[in-house]
Amino acid sequence: MNIILFGAPGAGKGTQSSILIERKKMSQISTGDLFRAAIKNKTELGLQAQSYMDKGELVPDSIVIGMVEEVLKKNTGSIILDGFPRTVNQAEALDGLLKKLQVKIGKAIFLEVPYQALLSRLTGRRVCKSCGTVYHIESKPSAKADICDSCGGDVVQRNDDKEDVIANRLKTYEEFTMPLKNYYKKTGLYVEVDGNRDTENVYMSISALIS
Ligand code: AP5
């Protein structure tokens, strides 16, 4: 089954996607990861995206939708859309793309997490600069401070996980992404999962929905 995984910044979309990839052999399309890879490789797309991401704003739809179309075309197997769509306009564009590519979405899963928990997850998140493994200074620290357990790379804070940028990302989320809940309720694809539990319990709920 192909799914959309959506929710606020820090809701656990990336964490749950990693588990679904490992245990269910799904593939993830994460627009945030695609932009970060483009920034790392200093591509034109990366240059365009960085100025928006550093401020906690959304990258314009004209850039995002074309990028997702290219990736979707190449994808086979079960897909997790993580971080896309993020606006009603993107959701409508996705519907068109899916129709064109004859791909169906089975569920749009919303991860519900309260504001205070989001703040502590985002301020405490650390990521490996080399392989992207995600840590948290309290709930999931790396064994050696600032060194990745998986690849030995440097573990750092994301630029957009600084407090002032987090505030803007959460505001942007409320204004542009929250309306997607109603959009997917109308399509009948919407399901809500309590994301404010330990990672394994959240995964069990998602797994039950897609089995
Ligand atoms: P993106 O990278 O997609 O960021 P996001 O949506 O803000 O989501 P995050 O990656 O911050 O959080 P997450 O839900 O994946 O949480 P995670 O699992 O890491 O986008 C970044 C930027 O790119 C955007 O701001 C925008 O500028 C641009 N962009 C991307 N897509 C776009 C689009 N479609 N249109 C326009 N612009 C776009 O977990 C967070 C922390 O919590 C971790 O430390 C983790 O260990 C911890 N944690 C996770 N689950 C749990 C749990 N159950 N209990 C306790 N801790 C947990």
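Here the structure is shown first, and the text comes after it.
Conventions and cut-offs
Residues numbered from 1 in each chain as written. Predicted model: local features only at pLDDT ≥ 70, side-chain atom pairs only at ≥ 80, totals over all residues. Heavy atoms only, no water. Phe/Tyr/Trp six-rings, centres within 6.5 Å; stacked < 30°, edge-to-face > 60°. Helix = DSSP H or I, 4+ residues; strand = E, 2+ residues; numbered from the N terminus. Buried < 20%, exposed > 50% of the residue type's maximum accessible area, 1.4 Å probe, protein only. Lys NZ or Arg CZ within 6 Å of the ring centre and 35° of its normal. Contact = heavy atoms within 4.5 Å. Near = heavy atom within 4 Å. Polar contact = N/O pair within 3.5 Å; in protein donor to acceptor, adjacent residues only side chain to side chain. Areas by Shrake-Rupley, 256 points an atom, 1.4 Å probe, with all protein chains shown as cover. Nonpolar A, V, L, I, M, F, W, Y, C, P; charged D, E, K, R; others polar. Salt bridge = Lys/Arg side-chain N within 4 Å of Asp/Glu carboxyl O. Pairing = 2+ DSSP bridges. Axes fitted to C-alpha atoms, helices over the stretch in contact; angles between N-to-C directions. Parallel < 35°, antiparallel > 145°, perpendicular 65-115°, else oblique. Left-handed = near helix turned anticlockwise from the far one by under 90°.

S.K.: Residue-level account of the packing of aromatic side chains, with values.
M.R.: Scanning the entire structure with this criterion turns up five aromatic pairs. Measuring from centroid to centroid gives 6.2 Å for Phe6 and Tyr190, while their planes differ by 70°, and the two rings are edge-to-face. With Phe6 in strand β1 (residues 3–7) and Tyr190 in strand β8 (residues 190–194), this pair connects stretches of sequence that are 184 residues apart. Taken as a pair, Phe6 and Tyr190 share a single burial class, namely buried. Their ring planes at 80° and their centres at 5.1 Å tell us that Tyr183 and Tyr184 sit as a pair that is edge-to-face. The same class applies to Tyr183 and to Tyr184, which are both buried. Taken together, Phe6, Phe110, Tyr183, Tyr184 and Tyr190 form an aromatic cluster joined through their ring pairs. The cationic tip of Arg23 hangs over the ring face of Tyr203; the distance from NZ or CZ to the ring centre is 4.7 Å. Directly above the aromatic system of Tyr135 lies the positively charged group of Lys140, at a separation of 5.4 Å from the ring centroid.

S.K.: Describe the environment of Phe176, and please don't skip the residues or the numbers.
M.R.: With respect to the helices and strands, Phe176 occurs in helix α7 (residues 163–177). Looking at Phe176, the relative accessible area reads 38%, which means it is partly exposed. Distance from Phe176 to Gly10, taken between C-alpha atoms, is 16 Å for residues 166 residues apart in sequence. Setting aside chain neighbours within four positions, we find Phe176 in contact with Leu58, Arg86, Thr87 and Val88.

S.K.: Tell me about the site of the ligand, residues and numbers included.
M.R.: Looking at the ligand, there are 35 residues lining it, with Thr15, Glu57, Arg86, Arg125 and Arg169 nearest. The contact in question runs from an oxygen atom of the ligand to an N or O atom on the backbone of Gly10, over 2.9 Å. With the chains in place, 94% of the 1,000 Å² that the ligand exposes on its own is no longer accessible. In terms of residue count, the dominant contributor to the shell around the ligand is helix α2 (residues 31–40) (four residues). Broken down by class, the residue content of the shell around the ligand amounts to 12 nonpolar, 12 polar and 11 charged.

S.K.: Account for the pattern of salt bridges, naming residues and giving values.
M.R.: Overall, the coordinates contain 10 salt bridges when judged by the stated rule. Here Asp160 ties to Arg158 by a salt bridge, and the two come within 2.9 Å at their closest N and O atoms. Neither residue differs from the other here; Asp160 and Arg158 are each classed as buried. With a shortest N-O distance of 3.8 Å, Arg169 and Asp160 are connected by a salt bridge. Here the salt bridges share partners, and the residues they tie into one network are Arg125, Arg158, Asp160, Asp161 and Arg169.

S.K.: Tell me about the sheet that holds β8, and name the residues and values.
M.R.: Reading across the sheet, the five strands line up as β2-β3-β1-β4-β8 and stay open at both edges, with parallel pairing between neighbours. Here the strands that pair on one side only, and so sit at the sheet edges, are β2 (27–30) and β8. Going across the sheet, the axis of each strand differs from the next one's by a mean of 25°, ignoring polarity. As judged from the five bridges shared by β1 and strand β4 (residues 107–112), these two strands associate in the parallel manner.

S.K.: So, the packing of helix α4 (residues 61–74) against helix α5 (residues 88–101): which residues are in play, and what are the values?
M.R.: Direction vectors running N to C along α4 and α5 enclose 25°, while the axes themselves pass 11 Å from each other. Regarding the angle of α4 to α5, the classification is roughly parallel. Helix-helix and strand crossings are classified by hand; for α4 and α5 the assignment is right-handed. On the side of α4, the interface is formed by Asp61, Val64, Ile65, Glu69, Leu72 and Lys73, while α5 contributes Asn89, Gln90, Ala93, Leu94, Leu97, Leu98, Lys100 and Leu101. Broken down by class, the residue content of the contact of α4 with α5 amounts to eight nonpolar, two polar and four charged.

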